[in-house]
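# Coordinates in review
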Amino acid sequence: MGLRVLAAMSGGVDSAVAAARIAEAGHDVTGVHLALSANPQSHRTGARGCCTIEDSRDARRAADVIGIPFYIWDMAERFQRDVVEDFVSEYAAGRTPNPCLRCNEKIKFAAVLDRALALGFDAVATGHHAKLVDGVLSRSPDQGKDQSYVLGVLTREQLSHAIFPLGDSTKAQVREEAARRGLTVADKPDSHDICFIADGDTRGFLAQRLGAAEGPILDQSGEVVGSHQGAHGFTVGQRKGLHIDRPAADGRPRYVLSIEPVSNTVTVGPRSALEVTSITCGSPVWNGPATVEDLTVQLRAHGEVYGCRFAEIDGGVRIDLDRPATGVAAGQAAVLYSGDTVIGSATIVAAS
């Protein structure tokens, strides 16, 4: 007997093919597009941005081709509160958030899933590139498009009501299938960067909301080597856009080592000073198998993977890396894997 499935349709090729596959499998599918912007633009700018009027129309056309009912749900207020405002407050506190991860956690698999279950649906299907077998999350075979990292914050309960129909497919296969099915989004560019900052100017976006506040840029000795207009415009590991007045004596580039929002201070130094081997994390979420082998951790979306060991400490997790990592920023997620299987995630608090 088929399931009642709510298919989240962004207007892109992945979610369109995911909805088509679920419908073809015999499930009772309804498509829904999430209106996440209170004032959506008419069109996307290349691959930047999402949730435009163009995207909602593309999603509706795809639903018509598939032959499923289609609705638009207004989630703009919830998205503003749980994703955009969270993004701004995290930067103001000197941390580096991942808004895609927060959107999956708070919008797609909290607000949407809760409403879907209340309406009698059995599951929510999305176009994420990740595998889900018996409630266990693992990497997509397309490593370049794998999205298991940004799904690592989901709980076992949320995953039990999720379906990822693209789990065994590469992006190229999805586009080919979309063309065969007559979906007009087959060649539509993927959205990237931060969807609610369509021009890609994160520093400008934050400055508009947090204002300018001049502060010093210091080297490791505490000497002033430049100034800035707001510590919120920087992230650990950043190299470009530092506007340092006094270059390093050795001529090598400097990187952001730390951000202190209270004193509005940014400290810079050589790349070697960014290396860390121990990471402290909070708010762990465990959703994988109890037996752990071949343990690795990923510290950024599409970032490097490191062999590691971990221990639970005081409601958090300490992760010790097999080799040094650089650019590890508080506020990002550390997602733990056993082979290709996600076993859990936690939010990075500090690193040394």
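Since the model is a prediction, treat every value here as computed from it, not as a measurement. Numbers given to residues run from 1 along each chain, matching the order in which its sequence is written. The predicted origin of the model limits local features to residues at a pLDDT of at least 70 and limits the giving and counting of side-chain atom pairs to 80 or more, whereas totals for whole chains, interfaces and linings rest on all residues. In computing side-chain values, all of the structure's heavy atoms are included and hydrogens and water are not.

## What about the packing of aromatic side chains?
Here a pair means two rings of Phe, Tyr or Trp (six-membered ring of Trp) with centres within 6.5 Å. Their orientation is stacked below 30 degrees between planes, edge-to-face above 60, and tilted elsewhere. Taken as a whole, this structure holds seven aromatic pairs when the rule is applied. Between Phe87 and Phe196, the aromatic rings sit 5.3 Å apart at their centres with planes inclined by 85°, giving edge-to-face as the arrangement. Taken together, the residues span a long stretch of sequence, with Phe87 in helix α3 (residues 76-92) and Phe196 in the loop between α7 (171-180) and α8 (202-210) at a distance of 109 residues. The same class applies to Phe87 and to Phe196, which are both buried. Aromatic side chains Phe87 and Phe205 sit 6.2 Å apart centroid to centroid with 65° between the ring planes, which places their arrangement in the edge-to-face category. Taken together, the residues span a long stretch of sequence, with Phe87 in helix α3 and Phe205 in helix α8 at a distance of 118 residues. Classification of residues uses two cut-offs on accessible area relative to the type maximum, computed with a 1.4 Å probe and protein chains only: under 20% is buried, over 50% is exposed, and between them is partly exposed. Using a relative accessible area of 9% as the deciding quantity, one classes Phe205 as buried. In textbook terms, an aromatic cluster arises when at least three aromatic residues are bridged by ring pairs, as seen for Phe79, Phe87, Tyr91, Phe196 and Phe205. The ring centre of Phe121 lies 4.2 Å from the NZ or CZ of Arg4, which sits over that ring. Every helix listed is a DSSP run of H or I at least four residues long, and every strand listed is a run of E at least two residues long, numbered separately from the N terminus. Placement of a charge over a ring requires the Lys NZ or Arg CZ to be within 6 Å of the ring centre, with the centre-to-atom vector within 35 degrees of the ring normal.

## Observations regarding the state of the cysteines
Counting rule for disulfides: a pair of cysteine sulfur atoms within 2.5 Å. Under the counting rule described, the total for this entry stands at zero disulfides. A disulfide-free cysteine, Cys103 has its sulfur positioned 6.4 Å from the sulfur of Cys195, the nearest such atom. Cys308 carries a free sulfur, and the closest cysteine sulfur to it, the one in Cys281, is 9.9 Å from it. Residue classification places Cys308 among the buried residues on the basis of a relative accessible area of 7%.

## Comments concerning the environment of Arg300
By the secondary structure assignment, Arg300 is in the loop between β13 (295-298) and β14 (305-313). Each C-alpha atom of the pair Arg300 and Asp340 lies 16 Å from the other, and the pair is 40 residues apart in sequence.

## Observations regarding the nonpolar core
Among the buried residues, those of types Ala, Val, Leu, Ile, Met, Phe, Trp, Tyr and Cys that are joined through side-chain atoms within 4.5 Å form a nonpolar core. Among the nonpolar cores identified, the biggest contains 25 residues, and Phe87 and Phe196 are the most heavily contacted of them. Of all the elements in the fold, those that place two or more residues in this core are β2 (28-35), α3, α4 (99-118) and α8. Grouped together as the second largest cluster of nonpolar side chains are 24 residues, Phe70, Ala123, Ala125 and Val185 included.

## Digging into the confidence of the model for the protein chain
Segments scoring low in pLDDT should not have their predicted coordinates read at a detailed level. Confidence in the prediction of the protein chain, expressed as mean pLDDT, is 90, and 95% of residues score 70 or more. Values of pLDDT, the confidence the predictor places in each residue, fall between 0 and 100. Averaged over each element, pLDDT in the protein chain is lowest for α8 (89) and highest for strand β1 (residues 4-8) (98).

## Structural notes on the sheet that holds strand β10 (residues 255-260)
What the four strands build is an open sheet, ordered β9-β8-β11-β10; its pairing is mixed. Edge positions in the open sheet fall to β9 (224-228) and β10, since each of these has one partner strand only. Neighbouring strand axes in the sheet, compared pairwise and without regard to direction, differ in orientation by 30° on average. Pairing analysis gives five bridges linking β10 to strand β11 (residues 265-269), with the strands arranged antiparallel. The partner of Glu260 across the bridge, within β11, is Thr265. Criterion used throughout: strands pair if DSSP finds at least two bridges between them. Fitting a line to C-alpha atoms yields each axis, with helices limited to the stretch in contact; the angle taken between N-to-C directions then spans 0 to 180 degrees.

## A few points about the pairing of strand β16 (residues 333-338)
Among the six residues that make up β16, six are buried, leaving the element largely enclosed by the rest of the structure. Of the two faces of β16, the one lined by Ala333, Val335 and Tyr337 and the one lined by Ala334, Leu336 and Ser338 are each fully buried. The sheet contact formed by β13 and β16 spans four bridges and is antiparallel. The residue bridging Gln298 from the neighbouring strand is Val335, located in β16. When β16 meets strand β17 (residues 341-351), the two strands line up antiparallel, connected through six bridges. Each bridged residue has a counterpart across the sheet, and for Leu336 the counterpart in β17 is Gly344. The hairpin turn running from β16 into β17, its antiparallel successor, is two residues long, and Gly339 in that turn takes a positive phi close to 65°.

## Some points on the pairing of strand β8 (residues 215-218)
Bridge count for β8 against β9 is four bridges, and the pairing is antiparallel. If you follow Pro216 over to β9, its bridge partner there is Ser227. Between β8 and β9, which pair antiparallel and follow one another directly, the connecting turn spans five residues, one of which, Gly222, has a positive phi of 95°. Sheet topology places β8 next to β11; two bridges connect them, and they run parallel. When the sheet's bridge partners are listed, Ile217 is paired in β11 with Val266.

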